[in-house]
Amino acid sequence: MLLRANNVWWRQKPMTHEYRSHNCGELEAKNVGDQVRLSGWVHRIRDHGGLLFIDLRDHYGLIQCVVEPDESEFSKAENIHAEWVVRINGPVVARSDETINKDLPTGRIEVRIEQLEVLSKSEELPLPIFGEPDYPEDTRLKYRFLDLRRETIHGNIVKRSKIISSMRNRMVEQGFMEYQTPILTASSPEGARDFLVPSRVHPGKFYALPQAPQQFKQLIMMAGFDRYFQIAPCFRDEDARADRSPGEFYQLDIEMSFVTQEDVFEAVEPMLLGLFEEFGGKPVAKDFPKIPFDEAFRKYGSDKPDLRNPLIMENVSEHFRGGGFGIFAGILDKDEKNAIWAIPAPTGGSRAFCDRMNGWAQKEEKQPGLAYIFFKEGKGSGPVAKNIGEERTMALRDQLGLKDGDAVFFAAGNPKDFAEFAGRARVRVGELLELTDNDKFAFCWIVDFPMFEWDEENKKIDFSHNPFSMPQGGLDVLTNAKSDEELLDIKAYQYDIVCNGIELSSGAIRNHLPEIMYKAFDIAGYGTEVLEDKFGGMLRALQYGAPPHGGIAPGVDRIVMLLCDEPNIREVTMFPMNQQAEDLLMGAPDNVHPEQLRELHIRLKLPKTKGEGV
RNA sequence: GGGGGUGUAGCUCAGUUGGUUAGAGCGCUGGCCUGUCACGCCAGAGGCCGCGGGUUCGAGUCCCGUCACUCCCGCCA
């Protein structure tokens with residue numbers, strides 16, 4: 001039942017008000033005897049022939065109204081339908097003890113209908129509100145205004161509003177100020193695909209919608225402001241996912257001057273902790289451990305580890321080197337970079353469980369298999385244990401702190417290639433053995449991201465995250481690097497904040513020195529001209545006294561998803577597009593009038609549509 | 001761009017080795033009902049089995065193609 005309640009209408013109106021003296025959620029036992037006027041939607045009708053109930057609903061809640069046949073309005077009430085908008089006048093009466101509804105905040109009372117006025121009728125509903133049964137998503141999106149009347153999503157949207165409001169308050173309390181940045185701006189040469197907006201005044205030229213206010217927030221620091229934030233709309237023309245809307249999303253964009261990485265963490269941690277404690281409904285781990293990028297892969301096989309899962313992987317190569325398990329010994333001999341990693345599985349010590357994991361590895365992960373040992377009766381079982389012998393098996397068990405009833409799985413080869421698979425195995429073990437505590441929030445920082453990465457497609461070095469990050473070691477480390485390999489080893493003051501295995505945000509201490517910017521872009525294959533052409537404003541700003549600065553930009557939508565416990569972003573977005581980036585309610589994108597195109601100096605050259613050209 | 005899943009009444013789904021008239025629940029319409037709150041009872045309407053082709057005496061069921069939705073990969077500095 002509707003539990004919106006606790007929301008007292010902003011101001012009590014007199015009975016003489018056109019539509020309402022109270023809202024549907026605020027009446028309680030103390031109002032018994034009051035004459036009230038309510039307006040809302042007909043949520044549900046229960047017609048007993050001689051007695052008729054209307055559940056009246058508005059934004060604030062639900063209240064039962066009742067009318068008896070001798071009342072003049074009874075026949076009118078018999079002819080109304082779900083989702084009609086009506087106004088009701090009448091006294092608040094107490095329900096008898098047997099008829100109290102404990103599931104409803106207003107369940108101790110009801111309103112006796114003395115006057116009933118239909119304010120607006122509804123066609124037969126394409127989408128029922130009451131009971132909110134599953135409905136196809138395209139129907140929900142086409143009739144979003146109805147969908148949004150449903151309890152769960154209505155509550156999510158209200159909660160989203162409160163979350164954003166709380167974010168703002170928490171930021172302002174910490175001395176941050178909110179500034180707006182442009183929506184029409186310039187395209188940038190790397191990153192996501194831009195949304196382009198043609199210029200009428202400048203034929204053939206285009207604005208781009210900002211992928212993030214990245215450059216603007218840095219310019220705000222260079223302009224001498226400090227501690228900026230903004231609930232910032234961001235636009236990227238990339239394909240959607242369950243947790244990613246097509247086209248647009250919001251970031252809590254943050255930037256600060258004269259700060260180190262630690263200062264950013266100190267600003268963000270209490271904000272997120274407070275927010276999750278306020279809205280999450282689950283315990284939040286107070287500690288935000290800082291895990292270097294390399295270590296995250298080594299221990300968790302991921303740069304966004306879920307710390308609710310207690311399992312930590314370990315390198316166990318030494319127990320296999322030169323041992324009786326030929327496959328692993330061979331892999332270790334083949335290349336000194338190769339290793340054997342162990343994924344411990346406490347309580348997983350049965351052949352059934354090990355087989356299940358092995359089957360998963362083969363079927364879902366297309367791996368040749370997943371080697372394992374399980375421990376019982378004081379010794380290790382399974383083919384691997386047999387091959388390496390009891391001494392090595394026991395040494396392995398001791399290193400991992402395992403005991404009878406436990407198991408361990410192995411991944412072998414070059415960690416670069418198998419780390420992510422091993423990470424997924426870790427996640428799966430944690431879930432299947434119920435070692436992962438789903439009933440909490442666990443944050444961590446991932447720090448020391450590499451400055452560059454190898455772009456396999458273009459066979460060149462590219463920025464791994466943000467081209468504006470400060471390399472650890474500054475200009476020297478860039479100029480001194482002798483090889484691609486050394487360049488790829490360079491770390492940046494670049495960090496992510498992760499919650500329950502979900503990346504909420506990337507951030508960085510920025511590079512505020514023009515010579516480093518030239519050099520870094522040079523390494524990534526962007527010449528001076530590109531830099532000056534595309535980042536001219538930024539470069540100019542760096543040359544006139546730029547403060548050291550840094551920031552971060554947590555994704556608002558993902559935070560709301562976590563706090564509403566919704567796996568799909570469309571459940572926390574009021575008017576989302578579908579996965580094909582169409583707005584089924586407003587009908588976007590759409591054709592435009594030829595005159596509009598002419599004004600913009602645009603002629604269409606369309607691809608053959610599917611099914612055409614027969 | 002690629003892969004997986006789904007597609008039968010407005011909705012959620014059932015539908016046997018291919019076999020006569022394709023079912024149920026919810027919703028909708030009509031009727032009955034004075035204490036329900038998932039009200040109850042009775043009756044009714046509602047189907048190009050996503051679409052196109054093929055196999056077959058016969059296709060909701062098998063095969064091919066296609067479309068739609070959804071999830072994932074690519075992509076998302």
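A brief report on the enclosed structure follows. (Residues numbered from 1 in each chain as written. Chains lettered and ligands numbered in written order. Predicted model: local features only at pLDDT ≥ 70, side-chain atom pairs only at ≥ 80, totals over all residues. Heavy atoms only, no water.)

### Thoughts on a negative patch on the surface
Phase 1 of the analysis: A cluster of acidic residues, D484, E485, E486 and D489, forms a negative patch at the surface.
Phase 2 of the analysis: Mapped onto the secondary structure, E485 falls in helix α13 (residues 484-489). (Patch = residues over 30% accessible without salt bridge, like charges linked within 9 Å, V, L, I, M, F, W, Y side chains within 5 Å. Areas by Shrake-Rupley, 256 points an atom, 1.4 Å probe, with all protein chains shown as cover. Salt bridge = Lys/Arg side-chain N within 4 Å of Asp/Glu carboxyl O. Lys, Arg positive; Asp, Glu negative; His and termini not counted. Charge placed at Lys NZ, Arg CZ, Asp CG, Glu CD. Helix = DSSP H or I, 4+ residues; strand = E, 2+ residues; numbered from the N terminus.)

### Structural notes on the sheet that holds strand β21 (residues 494-499)
Adjacent strands of a sheet pair through backbone hydrogen bonds, lying either parallel or antiparallel.
Phase 1 of the analysis: Spatial ordering of the open sheet is given by β7-β10-β11-β23-β22-β21-β18-β12, a layout of eight strands whose pairing is mixed. Edge positions in the open sheet fall to β7 (177-178) and β12 (290-292), since each of these has one partner strand only.
Phase 2 of the analysis: Pairing analysis gives nine bridges linking strand β10 (residues 228-236) to strand β11 (residues 247-257), with the strands arranged antiparallel. Within the sheet, the bridge partner assigned to Q230 lies in β11 and is D253.
Phase 3 of the analysis: Each of β10, β11 and β23 (549-552) touches helix α5 (residues 214-222); the most contacted strand, β11, lies at about 20° to it.
Phase 4 of the analysis: Along the sheet face, helix α7 (residues 293-300) touches β12 and β18 (443-447) and points at about 90° away from the line of β12. (Pairing = 2+ DSSP bridges. Contact = heavy atoms within 4.5 Å. Axes fitted to C-alpha atoms, helices over the stretch in contact; angles between N-to-C directions.)

### Comments concerning the nonpolar core
Phase 1 of the analysis: Counting 68 residues, the largest nonpolar core has M167, L252, I254, L275, F276, F443 and W445 as its most contacted members.
Phase 2 of the analysis: By residue number, the principal contributor to this core is helix α6 (residues 261-279), which donates 10 residues.
Phase 3 of the analysis: Non-local contacts of I254, meaning those with residues more than four positions away in its chain, are made with M171, F176, K217, Y228, F229, V268, G551, I552 and P554.
Phase 4 of the analysis: Residues A361, A411, F421 and V429 belong to the second largest nonpolar core, which totals 33 residues. (Core = buried A, V, L, I, M, F, W, Y, C linked by side-chain atoms within 4.5 Å. Buried < 20%, exposed > 50% of the residue type's maximum accessible area, 1.4 Å probe, protein only.)

### Some details on the protein's contact with RNA strand B
Phase 1 of the analysis: Residues in contact with RNA strand B amount to 45 residues; listed here are only the nearest, R44, D47, T99, E238 and H465.
Phase 2 of the analysis: Among atoms of RNA strand B positioned within 4 Å of the protein, sugar and phosphate together represent 51%.
Phase 3 of the analysis: For the surface near RNA strand B, the leading source of residues is strand β1 (residues 35-47), giving three residues.
Phase 4 of the analysis: Considering only residue class, the surface near RNA strand B consists of 10 nonpolar, 16 polar and 19 charged. (Near = heavy atom within 4 Å. Nonpolar A, V, L, I, M, F, W, Y, C, P; charged D, E, K, R; others polar.)

### Observations regarding the side chain of N89
Phase 1 of the analysis: Looking at where N89 falls in the secondary structure, it is placed in strand β4 (residues 85-94).
Phase 2 of the analysis: Look at N89 and you get buried, because its relative accessible area is 8%.
Phase 3 of the analysis: A distance of 2.9 Å separates the side chain of N89 from the side chain of R37, its partner in a polar contact.
Phase 4 of the analysis: Side chain to side chain, N89 and Q115 meet in a polar contact 2.8 Å long. (Polar contact = N/O pair within 3.5 Å; in protein donor to acceptor, adjacent residues only side chain to side chain.)

### Quick notes on unusual backbone geometry
Phase 1 of the analysis: In this chain, A588 is followed by P589 through a cis amide linkage whose omega measures -5°.
Phase 2 of the analysis: Tracing the backbone shows P589 in the loop between α17 (556-564) and α18 (594-599).
Phase 3 of the analysis: One non-glycine residue with positive phi stands out, namely E377, at about 50°.
Phase 4 of the analysis: Positionally, E377 belongs in the loop between β15 (371-376) and β16 (379-381).
Phase 5 of the analysis: At D565, a residue that is not glycine, the phi angle is positive and equals roughly 55°.
Phase 6 of the analysis: When you line up the elements, D565 lands in the loop between α17 and α18.
Phase 7 of the analysis: Residue D565 is classed as exposed on the basis of its relative accessible area of 58%.

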